[in-house]
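In case you want the letters, here they are:
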Amino acid sequence: MYDTTHYDSPLGSILLEADEKGLSGLWFDEEKSDALCLPPEHRKGTLPVLDKTKRWLDIYFAGHAPDFMPPLHITGSSFQMAVWDILREIPYGETTTYGAIAKKIANQKNLKQMSAQAVGGAVGRNKISIIIPCHRVIGKAPTESAVVMDENFR
């Protein structure tokens, strides 16, 4: 059984989805491609993880790095999970590139190289945006004029 609720962010309404194990989805209402496939067995949010997630988002949108992580229940291929783990390591206010993530995964798997495009595909399938910070991944290394990605969410 899934619980859903909405969170009113400075950037618009966000749909949160969770089960007993943790948060399983976070989508802006304008981009609910995966949310359109919610299982029919869902109810209005009553799970504690949804309140923890809202508290996390309150801190984040106030311009601070939250000092806790709500429980997450993410599902995906082993490759996607590896990419999402790396995304969660990107410090608040910093960015990385698809290529840098590809190199890191190649090193982890003892491979000569890994496709940055494959990393991009996994980043794009992230169902828990903001908390798993796909917005911190950019195409190329930033220049002096680059804006810090987390600043865009305020």
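Residues numbered from 1 in each chain as written. Predicted model: local features only at pLDDT ≥ 70, side-chain atom pairs only at ≥ 80, totals over all residues. Heavy atoms only, no water.

Comments concerning the environment of Thr-5
As for its position among the elements, Thr-5 is in strand β1 (residues 2–9). For Thr-5, a relative accessible area of 17% gives the class buried. Through-space distance from the C-alpha of Thr-5 to that of Gly-45 is 5.0 Å; in sequence the pair is 40 residues apart. Of note is the side chain of Thr-5, whose polar atom sits 3.3 Å from the side chain of Lys-54. (Helix = DSSP H or I, 4+ residues; strand = E, 2+ residues; numbered from the N terminus. Buried < 20%, exposed > 50% of the residue type's maximum accessible area, 1.4 Å probe, protein only. Polar contact = N/O pair within 3.5 Å; in protein donor to acceptor, adjacent residues only side chain to side chain.)

Overview of the confidence of the model for the protein chain
Taken over all residues, the pLDDT of the protein chain has a mean of 87, while the share at 70 or more is 84%. Averaged pLDDT values over the elements of the protein chain bottom out at 69 in strand β4 (residues 42–44) and peak at 97 in helix α1 (residues 48–61). (pLDDT = per-residue confidence, 0-100.)

Quick look at the layout of surface pockets
There is about 160 Å³ of room inside the second largest pocket. Residue lining of the second largest pocket: 14 residues in total, with Trp-56, Pro-66, Met-69, Arg-88 and Arg-136 positioned closest to the centre. Of the residues that constitute the lining of the second largest pocket, the class distribution is twelve nonpolar, no polar and two charged. (1 Å grid on protein atoms, 1.4 Å probe; cavity = no way out; pocket = protein on both sides within 12 Å on 5 of 7 lines; lining within 4 Å. Points joined across faces, edges and corners; volume = space filled by probe spheres on them. Nonpolar A, V, L, I, M, F, W, Y, C, P; charged D, E, K, R; others polar.)

A few points about the packing of helix α2 (residues 78–89) against helix α3 (residues 98–108)
The contact between α2 and α3 brings their axes to 11 Å, and the two run at 120°. When the axes of α2 and α3 are compared, the pair comes out oblique. As for the relative orientation of α2 and α3, their crossing is right-handed in sense. The segment α2 lies against α3, with Phe-79, Ala-82, Val-83, Ile-86, Leu-87 and Glu-89 engaging Ile-101, Lys-104, Ile-105 and Gln-108. Considered class by class, the residues forming the contact of α2 with α3 number seven nonpolar, one polar and two charged. (Axes fitted to C-alpha atoms, helices over the stretch in contact; angles between N-to-C directions. Parallel < 35°, antiparallel > 145°, perpendicular 65-115°, else oblique. Left-handed = near helix turned anticlockwise from the far one by under 90°. Contact = heavy atoms within 4.5 Å.)

Here's the deal with the packing of aromatic side chains
Taken as a whole and judged by the stated rule, the model has four aromatic pairs. Between Tyr-60 and Phe-61, the ring centres sit 5.5 Å apart and the planes meet at 80°, which makes this aromatic pair edge-to-face. Put simply, the rings of Tyr-7, Trp-56, Tyr-60, Phe-61 and Tyr-92 touch in pairs and so form one group of aromatic residues. (Phe/Tyr/Trp six-rings, centres within 6.5 Å; stacked < 30°, edge-to-face > 60°.)

Some thoughts on empty space enclosed by the protein
If you walk through the whole model with that rule in mind, you get one cavity of 30 Å³ or more. Approximately 50 Å³ is the volume found for the largest cavity. Taken together, the residues that form the lining of the largest cavity break down as four nonpolar, three polar and one charged.

Focus on the nonpolar core
Among the nonpolar cores identified, the biggest contains 33 residues, and Leu-26, Val-83, Leu-87 and Ile-130 are the most heavily contacted of them. Mapped by element, the contributors of at least two residues to this core are β2 (12–19), β3 (22–28), α1, α2, α3 and α4 (116–124). Setting aside chain neighbours within four positions, we find Leu-26 in contact with Ile-14, Leu-15, Leu-16, Leu-57, Lys-127, Ile-128, Ser-129, Ile-130 and Ile-131. (Core = buried A, V, L, I, M, F, W, Y, C linked by side-chain atoms within 4.5 Å.)

So, α3
Think of an α-helix as turning once every 3.6 residues; residues three or four places apart then point the same way. Here α3 has its buried residues at Ile-101, Ala-102, Ile-105 and Ala-106. Projection of α3 onto a plane perpendicular to its axis shows the buried side chains occupying an angular sector of 140°, all on one side. Residues of α3 that are exposed and angled more than 90 degrees away from the buried face: Lys-103 and Asn-107. In the core, the buried residues of α3 are packed alongside α2, β5 (96–97), α4 and β6 (137–138). (Arc of directions from axis to C-beta.)

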